[in-house]
Amino acid sequence: PFLCSLGRISAGGVGKSALTARFVNDTFLSNYDPTIEEVYECSSQVDDTTYSLEILDTAGVDQFHTLNERYIKSAHGFILVFSLTQETSLREIEDLRRRIYHLRGDDRQIPIVVVGTKLDLAAEREVSQELIRSYAVRWGVPFYETSAKRNWNVRPSFEDLIRQMRAR
Ligand code: GTP
Ligand code: MG
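Conventions used here
- Residues numbered from 1 in each chain as written.
- Chains lettered and ligands numbered in written order.
- Predicted model: local features only at pLDDT ≥ 70, side-chain atom pairs only at ≥ 80, totals over all residues.
- Heavy atoms only, no water.
- Axes fitted to C-alpha atoms, helices over the stretch in contact; angles between N-to-C directions.
- Helix = DSSP H or I, 4+ residues; strand = E, 2+ residues; numbered from the N terminus.
- Parallel < 35°, antiparallel > 145°, perpendicular 65-115°, else oblique.
- Contact = heavy atoms within 4.5 Å.
- Nonpolar A, V, L, I, M, F, W, Y, C, P; charged D, E, K, R; others polar.
- pLDDT = per-residue confidence, 0-100.
- Buried < 20%, exposed > 50% of the residue type's maximum accessible area, 1.4 Å probe, protein only.
- Pairing = 2+ DSSP bridges.
- Right-handed = clockwise from strand over helix to strand, strands pointing away.
- Near = heavy atom within 4 Å.
- Polar contact = N/O pair within 3.5 Å; in protein donor to acceptor, adjacent residues only side chain to side chain.
- Areas by Shrake-Rupley, 256 points an atom, 1.4 Å probe, with all protein chains shown as cover.
- Donors = N, O, S within 2.8 Å, 3.2 Å for Na, K, Ca; no water.
- Salt bridge = Lys/Arg side-chain N within 4 Å of Asp/Glu carboxyl O.
- Core = buried A, V, L, I, M, F, W, Y, C linked by side-chain atoms within 4.5 Å.

Q: I tried to follow the packing of helix α3 (residues 87-103) against helix α4 (residues 129-139) on my own but got confused; where do I start?
A: The axes of two packed helices give the description: the angle between them and the distance between them. Interaxial distance between α3 and α4 falls to 12 Å at its minimum, and their mutual angle equals 5°. When the axes of α3 and α4 are compared, the pair comes out roughly parallel. Contact with α3, carried on its side by Glu87, Leu90, Arg91, Ile93, Glu94 and Arg97, involves Leu131, Tyr135, Arg138 and Trp139 of α4 and no other residues of that element. Counted by class, the contact of α3 with α4 contains five nonpolar, no polar and five charged residues.

Q: Looking at this model, I keep getting lost on the confidence of the model for the protein. Mind explaining?
A: When pLDDT is low, close inspection of the predicted coordinates is not appropriate. Residues with a pLDDT of 70 or more make up 89% of the protein, whose mean pLDDT is 88. Both scores are available for the predicted complex, with the pTM at 0.93 and the ipTM at 0.99.

Q: Which parts of the structure should I look at to understand the pairing of strand β4 (residues 77-83)?
A: Regular strands place their side chains on alternate faces of the sheet. For β4, the buried fraction is high: seven of the seven residues fall into the buried class. Here β4 shows a buried face lined by Gly77, Ile79, Val81 and Ser83 and a second buried face lined by Phe78, Leu80 and Phe82. As paired elements, β4 and strand β5 (residues 112-117) share six bridges and run parallel to each other. Each bridged residue has a counterpart across the sheet, and for Phe82 the counterpart in β5 is Gly116. Crossover handedness for the path β4 to α3 to β5: right-handed.

Q: When you look at the site of ligand 1 in this model, what are you seeing that I'm missing?
A: Around ligand 1 lies a shell of 23 residues, among which Lys16, Ala18, Leu29, Tyr32 and Asp120 are the nearest. Between ligand 1 and Gly15, the relevant distance is 2.9 Å, taken from an oxygen atom to a main-chain nitrogen or oxygen of the residue. At 2.8 Å from an oxygen atom of ligand 1 is found a main-chain nitrogen or oxygen belonging to Ala18. In isolation ligand 1 exposes 650 Å². Once the protein is present, 92% of that is buried.

Q: Would you mind showing me how to read the coordination of the magnesium ion (ligand 2) here?
A: Ideal geometry at a metal centre: 109.5 degrees between donors when four sit tetrahedrally, and 90 or 180 degrees when six sit octahedrally. The protein atoms that coordinate the magnesium ion (ligand 2) are Ser17 (OG) and Thr35 (OG1), at distances of 2.0 to 2.1 Å. One end of the pair, Ser17, is in helix α1 (residues 16-25); the other, Thr35, is in the loop between α1 and β2 (38-46), with 18 residues separating them in the sequence. Each member of the pair Ser17 and Thr35 is classed as buried.

Q: What am I meant to see in the pattern of salt bridges here?
A: When their charged atoms lie close together, side chains carrying opposite charge are able to pair. What the rule picks out here adds up to eleven salt bridges. For Arg98, the salt bridge goes to Asp95, with nearest N and O atoms at 3.2 Å. Pair noted here: Arg98 and Asp95 are both in helix α3, with a separation of three residues, about one helical turn. Between Glu159 and Arg163 there is a salt bridge, with its nearest N and O atoms 3.8 Å apart. On the criterion of helical spacing, the pair formed by Glu159 and Arg163 is a turn pair, its members being four residues apart in helix α5 (residues 154-166).

Q: Would you mind going over the nonpolar core with me for this structure?
A: Within soluble globular proteins, side chains that are nonpolar generally end up buried alongside one another. In this structure, Phe78, Leu80, Phe82, Ile100, Ile112, Val114 and Phe143 are the most contacted members of the largest nonpolar core, which totals 21 residues. The biggest single contributor to this core is α3, with five residues.

Structure, rendered in structure tokens:
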């Protein structure tokens, strides 16, 4: 088993905590409670091996944002989270991604997955699949469309990251 920490930073309320709670506890957090900083520990079996994970659920809201450099320097992998219902949240990930590569010495192999949340809110969707495809090609990282509420595609996105981390 090995330990990892996954930083996810984006606009407040995109669904980072709900995604993490779905993966760790198989529950849905329906109330919005802005995160300051939360660490989850869990174990997860992927391809017949059990991994111990330390998942750092970061703050999205600006006033809690300042600690992020420390996270970025120590994490073994990153889930970058945006909301499919908010196109600006996808654009914000661009800065974060640039910052990760900068702080990690431009290591292009650093494990990253990008997760779009709230797939169940189809009527509110702002981010097209076409736009996602163009980002995925440009960035060369996997994208997942998920719903923490419906439990769609949550596990596969974490498993992808675990497989990337294992390959390092
Ligand atoms: P900060 O901690 O402030 O950065 O926010 P966050 O990114 O952790 O967002 P959080 O997980 O708290 O979710 C914000 C709101 O969106 C909550 O009311 C959630 O219930 C809701 N939400 C999150 N994921 C989903 C989803 O997949 N579907 C729906 N319908 N709502 C969701
Ligand atoms: Mg949160």
